[in-house]
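# Analysis of the macromolecular model
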Amino acid sequence: MDERKPGQQLRELLQLLRRLAVKPPAKLRTWQLTAVSAAVGLVVAAVAIAAAGPWDSSGQRTAERELAASREAGGGTDHAGSEGHGLPDVAPSAPSVLAGLGRSARTAPDSGGPRLADVLRPLLADKKLGPERSAVVVDVATGKRLYARGSGQALTPASTTKIATAVAALSALGPEHRLTTKTVVEPDSRNVVLVGGGDPTLTARGEGRYVADSASLRELADDTAKALKKRGADQDVSLSYDTSRYSGPPQHPIGPNENIAPVSALMADEGRLDSSSSGPAPRTAEPARDAAHNFANLLRERGIGIKADPESGRAAKGADELARTQSPPLSALVERMLTHSDNDIAEALARETAVDGGEPASFKGGSKAVRARLDKLGLPLDGAVFADGSGLDRDDRLTAKLLAALLKRASGPGRPELRSVVTGLPVAGFTGTLVDRYPDASVGTGVVRAKTGTLTGVNSLAGTVVDADGRLLAFAFMTTGTTDPQGAQSTLDAMASALAARGA
């Protein structure tokens, strides 16, 4: 009988699967063969039940089951993890990140409190971190604060702002909410209007990542063409596009940037000018116009006679709907936003929160609406400033206390509608912006879930981890004024790994 604990078996299995992908060894121990077979069966089972919906009975995303067998391609940068910080190479009893998040982790005696402080204190004092730094660690099940330093100090959060945006949007709109792009026609006319519904993931592509699950401009063209032909109004058609859902300046305060397109209620593929689906990319300066021109060409391919290039306009009240296409549910958009630190989705969700709250769908309106939703949830907002929804704006200010409170609220059993805030967090060594930051030997690999935050001179990390006693912990580490970004990230990763290693 194999006497090793489940966490150690999982870690060795993950490392084994990676080695097998390169060069299978001549011999495998019996438990390894069994584990590999089980892992393959687990992936097959996950695929088989995917059609039943994105959540299982415990509140766990079904896609999480596949993480044990494959590391996500793309995303992240190559930074060291806990090497050089004296942390254990393995976590003998740390439960896997695959643990169901719909149920609370078991509550264990707080046997590791003093030792946790002893471990975190020297890491937080590392010179690689900036002159301003803060940290907080909370037991999700009990709400007890296990460690804090400067937790109420409002610092520049960078992309950890997206955690706040996600909680606000999910709280306001619900996890099943979808963004709708549609076409309408004025009664007794051939004046067709493409109406933007705020979906930056609307795609004009025929294939590629996310295409199958995204709202499709091609399918909208199919259905619109059919509707026009049925009306006998498929020639001499005028096409315009309506972006009135959003207001205010479309350009983010950072100016034209490969990390975000101008914010518009109508865009295709986030305004990307290449085939990418995440990360920096060349962006169009006029996403709505480009999407409308693409749509016009798609209609022409389907036999619709468009008189001229589309122009900006506004759908008339009482216009008849021709066709519509809808985004994935908000829970999926939140996961994609957090995993890849997607700025376009973040700004759209802030504006959709504003629409729901009766505020102008602008940067200022989104800021006001996000704050109002979080205040309604009773979260600690002292010092918080929401200048945008993505964290690209250096005027943003959040506290480590607020970030940990957001994660605690999303992780607990009382708010299942917020669960995708946690399931969307990158998994250390596996997904998104953490795919390459934790080496195989790190105690945090496969166990830490965390949102990264990075601007020049700013590094932050906020997420969850299950410790060696089985407790689900929420943490937030923030620092500003850093001059060694890779060193700062390595230290923050080591701090998260220290949480995974703690316990009796």
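In this numbering scheme, every chain counts its residues from 1 along its sequence in written order. Residues qualify for local features only when their pLDDT is at least 70, as the model is predicted, and side-chain atom pairs are given and counted only at 80 or more; totals for whole chains, interfaces and linings, by contrast, use all residues. The side-chain numbers reported here are obtained from all heavy atoms of the structure, hydrogens and water having been left aside.

The subject of this paragraph is the overall build of the protein. Counting from the N terminus, the helices are the DSSP runs of H or I reaching at least four residues and the strands are the DSSP runs of E reaching at least two. From N to C terminus, the protein includes 12 helices and 10 strands. Note on exposure labels: buried denotes an accessible area under 20% of the residue type's maximum, exposed denotes more than 50%, and partly exposed covers the range between, all computed with a 1.4 Å probe on protein chains only. Looking at the protein as a whole, 57% of its 504 residues qualify as buried. Contacts between residues were defined by any pair of non-hydrogen atoms, one from each residue, lying within 4.5 Å. Considering only contacts within the protein whose residues lie at least 6 apart along the sequence, 71% involve residues at least 24 apart. Exposure was quantified through the Shrake-Rupley algorithm and a 1.4 Å probe, taking into account, for residues, occlusion by the shown protein chains and nothing else. With the model as given, the accessible surface of the protein reaches about 20200 Å², and the carbon-plus-sulfur share is 51%.

The next subject is the sheet that holds strand S10 (residues 472–480). In a beta sheet, neighbouring strands are held together by backbone hydrogen bonds and run either parallel or antiparallel to one another. Should DSSP find at least two bridges between two strands, the strands are regarded as paired. Taken in spatial order, the five strands of this open sheet run S2-S1-S10-S9-S8, and their pairing is antiparallel. Two strands lie at the open edges of the sheet, namely strand S2 (145–149) and strand S8 (448–455), each paired on one side alone. Averaged over neighbouring strand pairs, the angle between their axes works out to 5 degrees when direction is ignored. Of the strand pairs in this sheet, strand S1 (residues 132–139) and S2 are connected by four bridges, and their pairing is antiparallel. Counted as the bridge partner of valine 137 is tyrosine 147 from S2. Relative to the sheet, helix H10 (residues 400–411) contacts S1, S2, strand S9 (458–466) and S10, its axis offset from that of S10 by approximately 155 degrees. Here the axes come from fitting lines to C-alpha atoms, over the contacting stretch only for helices, and the angles between their N-to-C directions go from 0 to 180 degrees. Helix H12 (residues 485–501) contacts S1, S8, S9 and S10 of the sheet and is inclined by roughly 20 degrees relative to S9.

The next thing to look at is the packing of aromatic side chains. Only rings of Phe, Tyr and Trp enter the pairing, Trp through its six-membered ring, and a pair is recorded when the two centres are within 6.5 Å. The plane angle decides the type: under 30 degrees is stacked, over 60 is edge-to-face, the rest tilted. Across all of its chains, the model carries one aromatic pair by this definition. The rule is short: NZ of Lys or CZ of Arg within 6 Å of the ring centre and within 35 degrees of the ring normal puts a charge over the ring. Looking at arginine 336, its charged tip hangs above the ring of tyrosine 210, at a distance of 4.0 Å from the centre. Stacked on the ring of tyrosine 246, the Lys or Arg arginine 351 has its end atom at 6.0 Å from the ring centre.

The next point concerns the nonpolar core. Soluble globular proteins tend to bury their nonpolar side chains together. Buried residues of nine kinds, namely Ala, Val, Leu, Ile, Met, Phe, Trp, Tyr and Cys, make up a nonpolar core once their side-chain atoms join them within 4.5 Å. Residues Leu374, Phe386, Leu406 and Val421 are the most contacted members of the largest nonpolar core, which totals 49 residues. For this core, the element with the most residues is helix H4 (residues 161–173), which contributes nine residues. In this view, leucine 406 contacts Ile163, Ala164, Val167, Leu374 and Leu379; residues no more than four positions away in its chain are not counted.

Reading across from one edge, S6-S5-S4-S3-S7 is the order of the five strands in this open sheet, with mixed pairing throughout. The open sheet has two free edges, formed respectively by strand S6 (311–312) and strand S7 (320–326), since each of these has just one partner strand. Here strand S3 (residues 180–185) runs beside strand S4 (residues 191–195); their pairing, made up of four bridges, is antiparallel. In the sheet register, valine 185 faces S4, and the bridge partner there is valine 192.

With respect to the helices, strands and loops of the structure, arginine 283 is situated in the loop between strand S5 (238–242) and helix H6 (287–301). Identification of polar contacts relies on pairs of N or O atoms within 3.5 Å, with a donor-acceptor requirement for protein atoms, meaning one able to donate a hydrogen and the other able to accept it, and with residues adjacent in sequence counted only if both atoms are side-chain atoms. Looking at arginine 283, its side chain comes within polar contact range of the main-chain oxygen of glutamate 258, at 3.3 Å. Engagement of the side chain of arginine 283 in a polar contact is seen with the backbone oxygen of alanine 281, the distance being 3.3 Å.

Relative to the 18 Å expected for 13 residues at 1.5 Å per residue, H4 spans 18 Å between its end C-alpha atoms, a close match to the ideal helical length. Taking burial as the measure, the 13 residues of H4 include 13 buried ones, the bulk of the element. Count one or two residues on from H4 and you reach glycine 174, which has phi positive near 90 degrees. By definition here, a helix of n residues has an expected span of 1.5 Å times n minus one.

This brings us to the side chain of arginine 449. Tracing the backbone through its elements, the reader meets arginine 449 in strand S8. A distance of 3.3 Å separates the side chain of arginine 449 from the backbone oxygen of valine 422, its partner in a polar contact. A distance of 3.4 Å separates the side chain of arginine 449 from the backbone oxygen of threonine 423, its partner in a polar contact.

What follows covers the packing of H4 against helix H8 (residues 343–356). Each pair of packed helices gets described by two things: the angle between the helix axes and the distance between those axes. Interaxial distance between H4 and H8 falls to 9 Å at its minimum, and their mutual angle equals 40 degrees. With respect to H8, the element H4 is oriented oblique. Note on packing geometry: the crossing formed by H4 with H8 is left-handed. Across from Lys162, Thr165, Ala168, Ala169, Ala172 and Leu173 in H4, the residues of H8 making contact are Asn343, Ala346, Leu349, Ala350, Glu352, Thr353 and Asp356. Each residue is assigned to one of three groups, with Ala, Val, Leu, Ile, Met, Phe, Trp, Tyr, Cys and Pro labelled nonpolar, Asp, Glu, Lys and Arg labelled charged, and all others, Gly among them, labelled polar. When the residues that make up the contact of H4 with H8 are grouped by side-chain class, the tally is seven nonpolar, three polar and three charged. By definition in this entry, angles of less than 35 degrees are roughly parallel, angles greater than 145 are roughly antiparallel, angles of 65 to 115 are roughly perpendicular, and the rest are oblique. For a crossing to be left-handed, the near helix must be turned anticlockwise from the far one by less than a right angle; the clockwise case is right-handed.

Close inspection of predicted coordinates is inappropriate for parts of the model with low pLDDT. For the protein, the average pLDDT comes to 82, and 77% of its residues sit at 70 or higher. A residue's pLDDT is simply how confident the predictor is in it, with values from 0 to 100. In the model, residues 1–98 has pLDDT below 50 throughout and makes 168 contacts with residues more than four positions away in sequence or in other chains. Note on residues 100–114: pLDDT under 50 across the span, and 42 contacts to partners over four residues away in sequence or across chains.

Attention shifts here to the pattern of salt bridges. We define a salt bridge as a side-chain nitrogen of Lys or Arg found within 4 Å of a carboxyl oxygen belonging to Asp or Glu. In total, this model carries 19 salt bridges according to the counting rule given. One salt bridge in this structure joins glutamate 352 and arginine 245, with 2.7 Å as the shortest N-O distance. Note that glutamate 352 is positioned in helix H8 and arginine 245 in the loop between S5 and H6, a separation of 107 residues in sequence. Through salt bridges with shared partners, a single network forms among Asp222, Glu301 and Arg302.

Quick look at helix H9 (residues 363–376) now. For H9, which comprises 14 residues, the first-to-last C-alpha distance of 20 Å matches the rise-based estimate of 20 Å (1.5 Å per residue) to within 8%. Those residues of H9 lying buried are Phe363, Gly365, Gly366, Ala369, Val370, Arg373 and Leu374. The buried side chains of H9 occupy one side of the element, clustering within an arc of 155 degrees when seen end-on. Every exposed residue of H9 that faces more than 90 degrees away from the buried side is listed here: Lys364, Lys368, Asp375 and Lys376. Where H9 is buried, its residues meet H4, H8 and H10. Positive backbone phi, at 75 degrees, marks glycine 378, one or two positions downstream of H9. Arc definition: it is the arc formed by the directions from the helix axis to the C-beta atoms.

Turning our attention to the environment of alanine 268. Inspection of the secondary structure assignment puts alanine 268 in the loop between S5 and H6. Classification of alanine 268 as buried rests on a relative accessible area of 13%. For alanine 268 and aspartate 290, which are 22 residues apart along the polypeptide, the C-alpha to C-alpha distance reads 8.1 Å. Ignoring any residue separated from it by four or fewer positions in sequence, one finds alanine 268 in contact with Leu202, Ala204 and Ala291.

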